[in-house]
Amino acid sequence: MVMIAHLDMDAFFAAIEERDNPRWKGMPIVVGSDPQEGRGRGVVSTANYAARKYGIRSALPISTAWRQAQEALARGGPETIFLPVNGRRYGDVSHRIMEIVGAHAAAVEQASVDEAYLDLSHLKDWRAAEAACRRLKREILRAERLTCSIGLAANKLVAKIASDFQKPDGLTVVRPREAIRFLAPLDVRRMPGIGPKAEQALKRGGHNTIGDLQQLTEADLWGMFGEWGLELYEMVRGHGESALSGEWTPKSIGEQETFDEDTLDSRFIGERLAAMCASVAAQVRRGGFTGFRRVVLTVRFADFRTVTRSHMLPMLEHTAGTLKTEALRLLLPFFDRRENPRRSALRLVGVRVEELEEKPRRA
Ligand SMILES: [Mg+2]
């Protein structure tokens, strides 16, 4: 059985800006070209949900977005914040999210800066896959304070349509036998490949929903779209590709914790580190890896000085016990003169494993 999830971050760029600038919380935010008071060229890259209430969305000319924001302001709505695209910062966040994503799947295909397909077939049943999606959403929220929407289905096509179904912060599961009924009521525009032109042509012919297209024969669709019509005939029935291309695997899996108070209590720190090791080992297992070769410990002192120590293992390891032993061995010198002559308190401790080895791929 094949189970594919499509993960899509919600209003990604705008959500990062809103998160990083609490004073704009809840306000309409538009990331894109400089509006130059309505004279700007270029388009909207991302609008958050508050800005979407003004009718502002991705790919809209920035001048139009500006006008709509001004009109909303005149009606007494809150001011819209226009911001330039900060690609490097979004890229960093994306990278961290994809590392979390990678820990949950047997294989990942990153489709864009904020979208990825995950192969969850190794989990064997839909309930387990749905639970993994919930865990993934929780973990991304906890680590990055950002929400995403996930669609889970038997192929990429239906998973992608499903991830868009309950945005933001949605999770939609479409099992194979539900696919036709799930797709039927949706607007034809929801079908990837149907752009504005095809949409117009279809709606002129009275075909408004994917269900309407399900009524058409292969010959009908071939007459309308040629070769692609035959593909569309399969797509509207929820048939699609499930192999992931350009597979991407994480280089490392790790966790870290900043303590509520700086401390040098070896028992407390040791316990926290042991808990992190258990969680990291579980992520290695869930991620479909057979093990890891390198253990890396990060320590941040109260004065923010950060030190990393690592140990290459003689052989591939996978248990939480081994990870704990290795991590504690790296930690111990920080409690005495070897790594901490001034006996400074610690602010943060983290552990991560690198040089992961993948399980052989299932066909
Ligand atoms: Mg997105």
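It should be noted that the structure appears before, not after, this text.
Computed from a predicted structure; not experimentally measured.

Per the secondary structure count, the protein chain includes 13 helices and 12 strands. Once the C-alpha set of the protein chain is aligned to its principal axes, its extents read approximately 80 × 55 × 25 Å. Counting all 363 residues of the protein chain, 37% fall into the buried class. Contacts spanning at least 24 positions in sequence make up 64% of the contacts within the protein chain whose residues lie at least 6 apart.

Listed as buried for helix α11 (residues 227-235) are Leu232, Tyr233 and Met235. Considered in projection along α11, the buried side chains sweep an arc of 165° and stay on one side of the axis. The elements touched by buried residues of α11 are α6 (156-163), α9 (210-214) and α10 (218-225).

So, about the pairing of strand β7 (residues 148-153). Burial runs high along β7: six of the six residues are buried. The side-chain alternation of β7 yields two buried faces, one formed by Cys148, Ile150 and Leu152 and the other by Ser149, Gly151 and Ala153. Sheet analysis places strand β1 (residues 4-9) next to β7, joined by six bridges and oriented antiparallel. Its bridge partner lying in β7, Ala5 is registered against Leu152. Pairing of β7 with strand β8 (residues 171-173) involves three bridges; the strand directions are parallel. Across the sheet, Gly151 pairs through a bridge with Thr172, a residue of β8. Handedness of the β7-α6-β8 crossover: left-handed.

Turning next to unusual backbone geometry. With omega at -10°, the peptide bond leading from Lys167 into Pro168 counts as cis. Here the phi dihedral of Ala11 falls at roughly 40°; this positive angle occurs in a residue that is not glycine. With respect to the helices and strands, the residue Ala11 is situated in the loop between β1 and α1 (12-20). Taking the C-beta count within 10 Å as the criterion, Ala11 has 25 such neighbours and is therefore assigned buried. With a phi angle near 50°, Glu37 is a residue other than glycine that sits in the positive phi range. By the element assignment, Glu37 lies in the loop between β2 (29-32) and β3 (44-47).

The nonpolar side chains of a soluble globular protein tend to be buried with one another. Among the nonpolar cores identified, the biggest contains 72 residues, and Ala5, Val30, Leu118, Leu152, Ala153 and Val158 are the most heavily contacted of them. Apart from the residues lying within four places of it in its own chain, the contact partners of Ala153 are Ile4, Val158, Ala159, Ala162, Val174 and Ala179. Counting residues in each nonpolar core, the second largest holds 24 residues, with Cys277, Ala281, Val349 and Val353 among its members.

Calculation notes
Residues numbered from 1 in each chain as written. Predicted model: local features only at pLDDT ≥ 70, side-chain atom pairs only at ≥ 80, totals over all residues. Helix = DSSP H or I, 4+ residues; strand = E, 2+ residues; numbered from the N terminus. Buried ≥ 20, exposed ≤ 12 C-beta atoms within 10 Å, placed from the backbone. Contact = placed C-beta atoms within 7 Å. Arc of directions from axis to C-beta. Pairing = 2+ DSSP bridges. Right-handed = clockwise from strand over helix to strand, strands pointing away. Core = buried A, V, L, I, M, F, W, Y, C linked by C-beta atoms within 7 Å.

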